[in-house]
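One-letter residues, chain by chain:
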Amino acid sequence: MNSQRVTILNGSLESDDRCDQLAALLRDRLFAEAWEVVVHRPDSMQIAPCLGCFGCWVKTPGECVIDDDARGIARDVVQSDLVVYLTPIVFGGYSATLKSAMDRLIPLIMPYFARVRGEVHHVKRYARYPRVLGIGLLPYPDPDQEELFAALVDRSSLNMRSPKTVVRVCDRPTDDVEAGLSHAIDEVMR
Amino acid sequence: MIGKTRRTDETGKQLVVVLVGSPKGIERSKSAQLAKEVLRLFSADEWDQEWVHAHAAVRDAGEHDRLLELCDRASLILLTTPLYVDSLPAPATSALQAILDHRAIHETPKHVRFAALLNCGFLEPHHNVTCLRVCETFSQQAGLEWMGGMMLGSAGATNKRILEGLHTAGSSLASDLAVPQIVYETLGKPIMPRWLYILGGNFMWRRFAKRNGVTPKDLKARPYEGNR
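Residues numbered from 1 in each chain as written. Chains lettered and ligands numbered in written order. Predicted model: local features only at pLDDT ≥ 70, side-chain atom pairs only at ≥ 80, totals over all residues.

A short note on the overall build of chain B
Summing up its helical and strand segments, chain B has 9 helices and 5 strands in all. Across chain B, helices and strands are ordered from the amino to the carboxyl terminus as β-α-α-β-α-α-β-α-β-α-β-α-α-α. For chain B, whose C-alpha radius of gyration is 19 Å, the value lies close to the compact-globule estimate of 17 Å for 228 residues. By its C-alpha atoms, chain B is 60 × 40 × 25 Å across when sized along the principal axes. The buried share of chain B, taken over its 228 residues, is 44%. By sequence separation, contacts in chain B at least 24 residues apart represent 77% of the contacts at least 6 residues apart. (Helix = DSSP H or I, 4+ residues; strand = E, 2+ residues; numbered from the N terminus. Rg over C-alpha atoms; globule rule 2.2 N^0.38 Å. Buried ≥ 20, exposed ≤ 12 C-beta atoms within 10 Å, placed from the backbone. Contact = placed C-beta atoms within 7 Å.)

Here is the structure:
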């Protein structure tokens, strides 16, 4: 019995259902492998923009001062073994809908600074953090955006203190992509 | 290139639109303060300024339309924003998406320039690099002329050197020139030793917490632990 948990953050845009298709593919695949699967679609949830107030660090440590759906997402993320950032690639980065949820994940780390890989980063709040699988969708091959997206997921994962990160970019949900995602999940959990 | 692509109104002035990506807005944010430094050398005889808060443009239809209308009249769009999780805050991404969508389906002016001013809470300005590349990618996709960017660390703290860098960048942008390489070098150096930033920063967080009645032990709370 696989007792691992995955949280999929589906950054789908209203005008583009490819992420929804891919999220369904992933959910079914992981469910078949006995993962506990949680899927969030920020676009259809109540998520206010981060206020930049640092209240989640110095007023209500570890929890955002805004009581909306982003609290549940943060809870699910940190209680997972794997988080999947699934997004149409927008300007080489995350969609605004996915980013609205990611911006509200900072309660999961501490305000304190430390040196990490030769740079200043925030200290961990929790003993363990999920591994990260970043999946970006592009309408056509674009090596520059693919490379930028991979760099961005790497940097975000470093800041959110994830132990391992794997990134994949594809253009549409196909059998090849499904097989590729299985390999990516194996790779990130190895 | 100077003057070759200038777009002016009936008074002969160009328009710079400042898009503020900080949730703290135009009046209270460090991002807006920094943009004011960049615009310090924009002559009032030659430039008009309009400021738009990205969060307002996303939630309010009137501000949304105002942003697009201003961008259609702008010679230069300056995005000034804090770094959120290595990229733009979500509302800033939405605002840029709105500009791109508008330009994709409407007859819009060519030769509109775009620059970005980014600040992050870490010591090292280079944390902003991926976000700056996101801004450049947006600029290309929207058919804007990429003028480069300014990247600040240390939560946008300034000293004489940083201010000189911002003014040099502003002087270039006001002359329709891209941000020069010297600005990247000037702004790229951290403003203090790493150990001092960590020590001072951690002291500051404890002090902020104490003001809210939060002890150093409380500050380490793990409210989402152990519920699996």
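Back to the write-up after that little detour.
A closer look at the interface of chain A and chain B
Listed by partner, the interface residues are 42 residues for chain A and 45 residues for chain B. The greatest single-element share of the side of chain A that touches chain B, amounting to 7 residues, is contributed by helix α5 (residues 143–159) of chain A. Tallied by class, the residues present in the side of chain A that touches chain B amount to 23 nonpolar, 9 polar and 10 charged. (Nonpolar A, V, L, I, M, F, W, Y, C, P; charged D, E, K, R; others polar.)

Here we look at the confidence of the model for chain B
Per-residue confidence for chain B gives a mean pLDDT of 95; residues scoring 70 or more make up 96%. Our summary of model confidence lists the complex with pTM equal to 0.95 and ipTM equal to 0.95. (pLDDT = per-residue confidence, 0-100.)

Looking at unusual backbone geometry
Of note, A:Phe91 is a non-glycine position whose phi angle comes to about 55°, a positive value. Along the polypeptide, A:Phe91 turns up in the loop between β3 (82–88) and α4 (96–102). We note that B:Val85 has phi near 45°; this positive angle belongs to a residue other than glycine. Relative to the helices and strands, B:Val85 resides in the loop between β3 (76–82) and α5 (90–105). In this structure B:Val85 comes out as buried when scored by C-beta crowding, with 21 C-beta atoms within 10 Å.

Re the packing of helix α4 (residues 61–73) of chain B against α5(B)
Residues and elements named next belong to chain B. At a minimum axis distance of 10 Å, the contact between α4 and α5 shows a crossing angle of 55°. By the criterion of interaxial angle, the relationship of α4 to α5 is oblique. Between α4 and α5 the crossing geometry is right-handed. Where α4 abuts α5, its residues His64, Leu67, Leu68 and Cys71 lie against Ala95, Ala98, Ile99 and His102. Taken together, the residues of the contact of α4 with α5 break down into 6 nonpolar, 2 polar and no charged. (Axes fitted to C-alpha atoms, helices over the stretch in contact; angles between N-to-C directions. Parallel < 35°, antiparallel > 145°, perpendicular 65-115°, else oblique. Left-handed = near helix turned anticlockwise from the far one by under 90°.)

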